[in-house]
Amino acid sequence: MRAEVQNTVAEIRKSLKLLAQRLDWDTAEHRLEEFDAMSEDPDLWNDPERAQKLMRERQALADAIETYKGISRELDDNIELIELGEAEDDKDVVTEAEAALKALREKAAQKELEALLDGEADANDTFLEINAGAGGTESCDWANMLARMYVRWAEAHGYKVELQAENPGEEAGIKSATYKISGHNAYGWLKSESGVHRLVRISPYDSAARRHTSFSSVWVYPVVDDNIEIEVNPADIRVDTYRSSGAGGQHVNTTDSAVRMTHIPTGIVVTSSEKSQHQNRDIAMKALKSRLYQMELERRTADIQAQHDAKGEAGWGNQIRSYVLQPYQMVKDLRTGVETSDTAGVLDGDLDQFMAATLALNVAGKSRAEARAED
């Protein structure tokens, strides 16, 4: 077996070792049996929320076990094929198996990163909030481009996307938008996107075709499970209602149904503009509790708090990533140094390389190398 292939095998085995340690492999299958036994309890569904949470945890464990076994099987099978091909001097078999090992190395590294999503709320659904910075139409259009980028990313990864609130720009784009993105580890992956995003391009709104720089901010916070107690004093909340126009005509759904909820001590503002005012109050309260819970998480984690404090206004000096479309094509993450010239792909939702690099540096306060050394 060639030295390059041996190195690939060694990297896969290192990833498997970390996966096994994060999974606590010696007890994993026993814990799955316990989940199976609990799921067969006829009284389980008397408490639907508890039952759903248990089934999600069971499925996550089952998926993790199958992932570990699957990577192990593929590794053994391809090593065997290479040894067989070399013994029979069948270069095609060897080449095919070596290519499969390279793909398996990438898969194992990805699963290793996912295993590092061990933060308190990483597995939760998430809210993603986008706000245009100073700059009028340019920034509103940029905010709209970011919204499309994240929706494309989420849909490509099988997440459910729901628009919670949107404030359109005066001429184009959006001033702000909030999405709920649902699926396993949605918050864990997207939390690295919080910060200011900078765009440089020839403006389509400038008749002189000059180059413009625009800023928009992204903020990501977890959806709080209903069983987490977040106390909100009613006296600390101001609720405003306003008209919310729905699709279908100028006079359709123009009742005072939309809700804006302000948490006075923190200044947090959340909105919802569904048709039912009762539903909007419920959605806004859940979003507010999520924001308050996120603040508590930040207080517990110094690194995350420092990032939050440094977020600042959407402008120069605060950006985490630059998207340059003119005079050259480049997207660069300023925290990790990861960059690509495939700007169209990134704006179409190809964000995995940026998220993975940031996760490897920041998740659980450890770099990927530190996590490997610790385990």
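Since this is a predicted model, take the numbers as computed values, not measurements.

K.L.:
What am I meant to see in the pairing of strand 4 (residues 195–202) here?
P.N.:
Moving residue by residue along a regular strand, the side chains alternate between the two faces of the sheet. Extensive coverage of strand 4 is indicated by the burial of seven of its eight residues. Looking at chain direction, strand 4 and strand 5 (residues 211–222) are connected through eight bridges and run antiparallel. Bridge assignment links Val200 to a residue of strand 5, and that residue is Thr213. Pairing of strand 4 with strand 9 (residues 319–324) involves five bridges; the strand directions are parallel. When the sheet's bridge partners are listed, Val196 is paired in strand 9 with Gln319.

K.L.:
In this structure, what is going on with the nonpolar core? I would like to understand it.
P.N.:
The nonpolar side chains of soluble globular proteins are, as a tendency, buried together. Grouped together as the largest cluster of nonpolar side chains are 56 residues, with contacts concentrated most on Leu128, Tyr150 and Tyr323. Examining the composition of this core, we find that ten residues originate from one element, helix 5 (residues 137–156), more than from any other. In contact with Leu128, other than residues within four places in its own chain, are Tyr150, Ala177, Thr178, Tyr179, Ile181, Leu190, Val218, Trp219 and Val220. With 16 residues, the next largest nonpolar core counts Ile79, Ala97, Leu101 and Leu104 among its residues.

K.L.:
Where do I start with a negative patch on the surface in this structure?
P.N.:
Residues Asp76, Asp77, Glu80, Glu83 and Glu86 make up a contiguous surface patch of negative charge. Tracing the backbone shows Glu80 in helix 3 (residues 48–87). Among the residues examined, Glu80 registers a relative accessible area of 53% and is labelled exposed.

K.L.:
Help me out: how do you make sense of the pattern of salt bridges in this one?
P.N.:
Think of it this way: side chains of opposite charge can pair up when their charged atoms draw near. Counted under the stated rule, the structure contains 21 salt bridges. A salt bridge links Arg73 to Glu66; the nearest nitrogen and oxygen atoms lie 2.8 Å apart. The class for Arg73 is partly exposed, based on a relative accessible area of 45%. Among the ionic contacts, a cluster of salt bridges with common partners joins Arg2, Glu4, Glu98 and Lys102.

About the criteria used
Residues numbered from 1 in each chain as written. Predicted model: local features only at pLDDT ≥ 70, side-chain atom pairs only at ≥ 80, totals over all residues. Heavy atoms only, no water. Buried < 20%, exposed > 50% of the residue type's maximum accessible area, 1.4 Å probe, protein only. Helix = DSSP H or I, 4+ residues; strand = E, 2+ residues; numbered from the N terminus. Pairing = 2+ DSSP bridges. Core = buried A, V, L, I, M, F, W, Y, C linked by side-chain atoms within 4.5 Å. Contact = heavy atoms within 4.5 Å. Patch = residues over 30% accessible without salt bridge, like charges linked within 9 Å, V, L, I, M, F, W, Y side chains within 5 Å. Areas by Shrake-Rupley, 256 points an atom, 1.4 Å probe, with all protein chains shown as cover. Salt bridge = Lys/Arg side-chain N within 4 Å of Asp/Glu carboxyl O. Lys, Arg positive; Asp, Glu negative; His and termini not counted. Charge placed at Lys NZ, Arg CZ, Asp CG, Glu CD.

Bear in mind that shape data such as this cannot, by itself, settle questions of function.
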